[in-house]
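Below, each chain spelled out in residue letters.
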Number of protein chains: 2
Amino acid sequence: MKDERLPNDCYFHVPRFRIAPLPRPQLRRDPIIDRPVIISTDRLGRPQELVTSSELPRPTVCPFCAGNERLTTEPTYVDPQQGPWRVRVVGNTFPAVRGASDPLPETAGLFHSVAAAGIHEVVIACPQHETSLSRLPADHLADFLRALCARMSSLLRDRPELYPLIFNNHKAAAGASMAHAHAQLLALAVVPELVQRELDSASRHRKLKDACIFCDMIEHEQRDGARLVLQSPRFIVLAPFASRFPCELWLLPRHHACHFDKLSGIELTELGEVFHTVLNKLDRGLLDPPYNFVIHTAPRSAPEADAFHWHIEFLPRLTGIAGFEFGTGIHINPVPPEQAAEYLRGIRV
Amino acid sequence: MKDERLPNDCYFHVPRFRIAPLPRPQLRRDPIIDRPVIISTDRLGRPQELVTSSELPRPTVCPFCAGNERLTTEPTYVDPQQGPWRVRVVGNTFPAVRGASDPLPETAGLFHSVAAAGIHEVVIACPQHETSLSRLPADHLADFLRALCARMSSLLRDRPELYPLIFNNHKAAAGASMAHAHAQLLALAVVPELVQRELDSASRHRKLKDACIFCDMIEHEQRDGARLVLQSPRFIVLAPFASRFPCELWLLPRHHACHFDKLSGIELTELGEVFHTVLNKLDRGLLDPPYNFVIHTAPRSAPEADAFHWHIEFLPRLTGIAGFEFGTGIHINPVPPEQAAEYLRGIRV
């Protein structure tokens, strides 16, 4: 939805800084280190652009609430198809990527850019104005996760060349611009570097050891126990050894599986329960912190895709990201993951 | 200084989450992608640990102000040595790194960690309680930059194996925990990945083209003009082609120079003026935004060090860092750098 309180002119931060919209978003590469960045004027005009405010404005009309469906685009997925919906997927009104891929990059000397092609959707988690996923019951979260899988599957059937990143921003301090609980599905024309590095490492490890590096890590963590937070028959949650954030948690399937969207119904039910427990441990243990979660799944068309092991990373945002992190790429975390795991194991939900 | 309002127990975020201090900070490597992270319980207990508050508390007694020198460690640098000081460098009371390097990593299966060795200092920019560098006159900023150079030089004479990162966090939203204007010098036992990638690229380009990639970029930007913000006889300021942040700016010497700390007196005077102009353009153009700056200099002991071109990156923090960025490593920037440059060129200071 367009926020009608905003003028039609695009501006950034101060009214005299008017931005001329680009015809389409661009994926540019840094000429020195090849680091990609998405330049997307479409993102301007979101209800909340300033990280400095810690509270999200309560919209007079929330376009994600039941009854206001006219304020969004036609849904690409609805659960269930008949009767009142529980989960609903729509286009993002302020997409970071859109459209089809360019055949060739635009080049000027050292500078290269291509269209930031792809699809950017919003997965509305519930019909009522609930601002935290942690307050939805486990079976509702299973429906939410089922919607993520179904929409990812369907999108990859149409455009297997895209890489689908699912992510969630909880609260303004974690980058959220809408308070109503939702996740985002952003399918990109490039495999993100972090996923590519995981895939490369998994492929290398398989060649060398004939084993999955994630499975080996899980086995070590189960034996050691210090960073284990919880286990269910099919899933494991742990505080990763090199956690970037205090109380960072990874959720992984215990048995090797590369594609998130191939979860069965029975797995989704169990995952809904584990997901509910993780969110409520963070919520109760850290007083409803801002957080992000991201889902890493195998790139569909990569030849080594089956070496990958999908997982969800939960990233609580209670410490700032400062100059050091942006200057080095190295995070400073004041909380040892072993102590985070011990504390979170003790939080009853 | 220790903030005496805090209990002696270390805790994180909630009083019942008590943290046992580690004997020394650790540099851990992610077992999958080898991403380093610093785990440092010393960082707990800083006056402000929560990114969600946008205002820094005004301390009852500011340890950085003239008259309160007893609240800091013995200075490692004072400008000038006699009379009232203008710039003063002291140890960080909450260091992210400290001590000497380990001979060998601690290893358990896939998990490796070493002592996070190094030095972490605070460069206090002025004796009065000034909260913004932009309000210091150009000649005072030249003294501040001289202090950064002098302290970096002296540190590298003692420990040439360290990589010295200088960075600054302006305002809580950019990670600051102290309001009094200051920068930090964090010398690490590893070359940060972002610097290593710049160095690798510069070495490769020099081999292929017998030229500096930064110099080639500068030449292109001077010819093109669209991303140029200002030039002085010796320095250039531009909005980089693949800016991660709206109004990101890079300041570079126009003529090839690899080591920041080898600036001459006359160069420092001119840099003080350019630095003053950049900070005041950001301050006036974007209403005193939160920002970071970082200085990238050549790693002292690298064989290819002279292929490097030192520079300062200014990173305004007006958009949030959300799940997408942490899941992919790709920033989304809603403001095209060409429009940022045009806007900032027009801001009179």
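Our focus in this paragraph is the pattern of salt bridges. Close approach of charged atoms lets side chains of opposite charge pair. Per the stated rule, a full pass over the model turns up 42 salt bridges over all chains. Among the ionic pairs, A:Arg86 bridges to A:Asp143, the shortest N-O distance being 2.7 Å. Remark: A:Asp143 occurs in helix α1 (residues 138-158) and A:Arg86 occurs in the loop between β3 (77-79) and β4 (87-91); sequence separation between them is 57 residues. The residue A:Glu248 makes a salt bridge to A:Arg244 at a minimum N-O spacing of 3.1 Å. Under the relative-accessibility criterion, A:Glu248 is labelled buried at 1%. One continuous salt-bridge network, built from bridges that share partners, spans A:Arg28, B:Glu221, B:Arg227 and B:Glu338.

On the side of chain B, 103 residues touch chain A, which itself brings 103 residues to the contact. Here chain A meets chain B over a buried area of about 8900 Å², counting both sides, of which 70% is carbon and sulfur. Interface area lost by chain A to chain B is led by A:Ile32, A:Phe241 and A:Phe326, which between them contribute 9%. Run the count over chain A and chain B and you get 4 salt bridges. In this structure, A:Arg28 engages B:Glu338 in a salt bridge whose closest nitrogen and oxygen atoms are separated by 3.0 Å. On the surface where chain A and chain B come into contact, there are 28 residue pairs in polar contact (both at pLDDT 80 or more). At 7 residues, the largest contribution of residues to the side of chain A that touches chain B is made by helix α2 (residues 193-209) of chain A. Looking at side-chain class alone, the side of chain A that touches chain B contains 58 nonpolar, 27 polar and 18 charged residues. Where strand β15 (residues 331-333) of chain A lies against strand β4 (residues 36-39) of chain B, 3 bridges are found, and the strand directions are parallel. Looking at the pairing, A:His331 lines up with B:Val37 of β4(B).

A few words now on the packing of α2(A) against helix α3 (residues 213-224) of chain A. All names here are of chain A. For the pair α2 and α3, interaxial distance at closest approach is 8 Å and the crossing angle is 85°. Considering their axes alone, α2 and α3 lie roughly perpendicular with respect to each other. Residues Glu198, Ser201, Ala202 and His205 of α2 pack against Ile213, Phe214 and Asp216 of α3. Along the lines of polarity and charge, the residues of the contact of α2 with α3 split into 3 nonpolar, 2 polar and 2 charged.

In an α-helix there are 3.6 residues to a turn, and that puts residues three or four apart on one side. Residue and element names in this part refer to chain B. Along its 12 residues, helix α3 (residues 213-224) runs 16 Å from first to last C-alpha, staying within 8% of the 16 Å computed at 1.5 Å per residue. Turning to α3, its buried residues number three or more, namely Ile213, Phe214, Met217, Ile218, His220 and Glu221. Down the axis of α3, the smallest arc covering the buried residues is 165°, so these residues share one side. With its phi angle positive at about 85°, Gly225 sits one or two positions after the end of α3.

So, about the pairing of strand β10 (residues 228-231) of chain A. Residues and elements named next belong to chain A. Pairing analysis gives 3 bridges linking β10 to strand β11 (residues 235-238), with the strands arranged antiparallel. Pairing of Gln231 across the sheet is with Ile236, part of β11. Taken together, β10 and the strand that follows it, β11, pair antiparallel across an intervening segment of 3 residues.

Once chain A is rotated about the relating axis by 180° and shifted along it by 0.0 Å, it coincides with chain B to within an RMSD of 0.0 Å. Classification of the inter-copy transformation places it as that of a two-fold axis. Take the interface residues of chain A: 100% of them recur as interface residues in chain B, which is what a same-surface contact looks like.

Attention shifts here to the sheet that holds strand β9 (residues 182-188) of chain A. All names here are of chain A. Strand order in the open sheet formed by 10 strands is β3-β4-β7-β9-β8-β13-β14-β12-β11-β10, and the pairing between neighbours is antiparallel. The sheet terminates laterally at β3 and β10, the two strands that pair on one side only. If you compare each strand with its neighbour and ignore which way they point, the axes differ by 20° on average. Summarising the sheet, β11 and strand β12 (residues 249-253) pair through 4 bridges and their orientation is antiparallel. Note on β12: the bridge partner recorded for Val237 is Leu251. Against the sheet, α1 contacts β3, β4, β7 (118-124), β8 (163-170), β9 and β13 (291-296), and its axis sits at roughly 15° relative to β9. The sheet contacts of α3 involve β10, β11, β12 and β14 (311-316), and relative to β12 the element is tilted by about 115°.

This part takes up the pairing of β8(A). Residues and elements named next belong to chain A. By the criterion of burial, β8 is predominantly enclosed, with 8 of the 8 residues buried. As paired elements, β8 and β9 share 5 bridges and run antiparallel to each other. Paired with Pro164 across the strands is Ala187, a residue of β9. Sheet analysis places β8 next to β13, joined by 5 bridges and oriented antiparallel. Among the inter-strand pairings, Asn169 is bridged to a residue of β13, identified as Asn292.

Another aspect to go through is the side chain of A:Thr328. If you trace the backbone, A:Thr328 turns up in helix α5 (residues 323-328). A relative accessible area of 0% places A:Thr328 in the buried class. For A:Thr328, the side chain forms a polar contact with the main-chain oxygen of A:Phe324, separated by 2.6 Å. Residue contacts for A:Thr328: discarding those within four places in its chain leaves B:Leu165, B:Leu188, B:Pro192, B:Glu193 and B:Leu194.

The next subject is the nonpolar core. In terms of nonpolar packing, the biggest core is built from 60 residues, with A:Leu133, A:Phe144, A:Phe260, A:Phe314 and B:Phe17 touching the most fellow members. Considering each element in turn, this core owes the most residues, 9 residues, to α1(A). When near neighbours in sequence (up to four residues on either side) are disregarded, B:Phe17 contacts A:Cys247, A:Leu286, A:Val335, A:Gln339, A:Ala340, A:Tyr343, B:Cys10, B:Tyr11 and B:Phe12.

Let us now look at helix α4 (residues 265-285) of chain B. Its 21 residues place the ends of α4(B) 30 Å apart at the C-alpha level, agreeing with the 30 Å of an ideal helix rising 1.5 Å per residue. A positive backbone phi angle near 60° is found at B:Leu287, which sits one or two residues after α4(B).

Residues and elements named next belong to chain B. Viewed as axis vectors pointing N to C, helix α1 (residues 138-158) and α4 meet at an angle of 120°, and their least axial separation amounts to 8 Å. Taken together, the axes of α1 and α4 lie oblique to each other. α1 and α4 meet at a crossing whose hand is right-handed. Residues Ala138, Leu141, Ala142, Phe144, Leu145, Arg146 and Cys149 of α1 pack against Gly265, Leu268, Thr269, Leu271, Gly272, Glu273, Phe275 and His276 of α4.

What counts and what doesn't
- Residues numbered from 1 in each chain as written.
- Chains lettered and ligands numbered in written order.
- Predicted model: local features only at pLDDT ≥ 70, side-chain atom pairs only at ≥ 80, totals over all residues.
- Heavy atoms only, no water.
- Salt bridge = Lys/Arg side-chain N within 4 Å of Asp/Glu carboxyl O.
- Helix = DSSP H or I, 4+ residues; strand = E, 2+ residues; numbered from the N terminus.
- Buried < 20%, exposed > 50% of the residue type's maximum accessible area, 1.4 Å probe, protein only.
- Contact = heavy atoms within 4.5 Å.
- Buried area = accessible area lost by both parts, 1.4 Å probe.
- Polar contact = N/O pair within 3.5 Å; in protein donor to acceptor, adjacent residues only side chain to side chain.
- Nonpolar A, V, L, I, M, F, W, Y, C, P; charged D, E, K, R; others polar.
- Pairing = 2+ DSSP bridges.
- Axes fitted to C-alpha atoms, helices over the stretch in contact; angles between N-to-C directions.
- Parallel < 35°, antiparallel > 145°, perpendicular 65-115°, else oblique.
- Expected span 1.5 Å × (residues − 1).
- Arc of directions from axis to C-beta.
- Least-squares fit on C-alpha atoms with pLDDT ≥ 70 in both.
- Core = buried A, V, L, I, M, F, W, Y, C linked by side-chain atoms within 4.5 Å.
- Left-handed = near helix turned anticlockwise from the far one by under 90°.

Without other data, these values stay purely geometric and don't point to any function.
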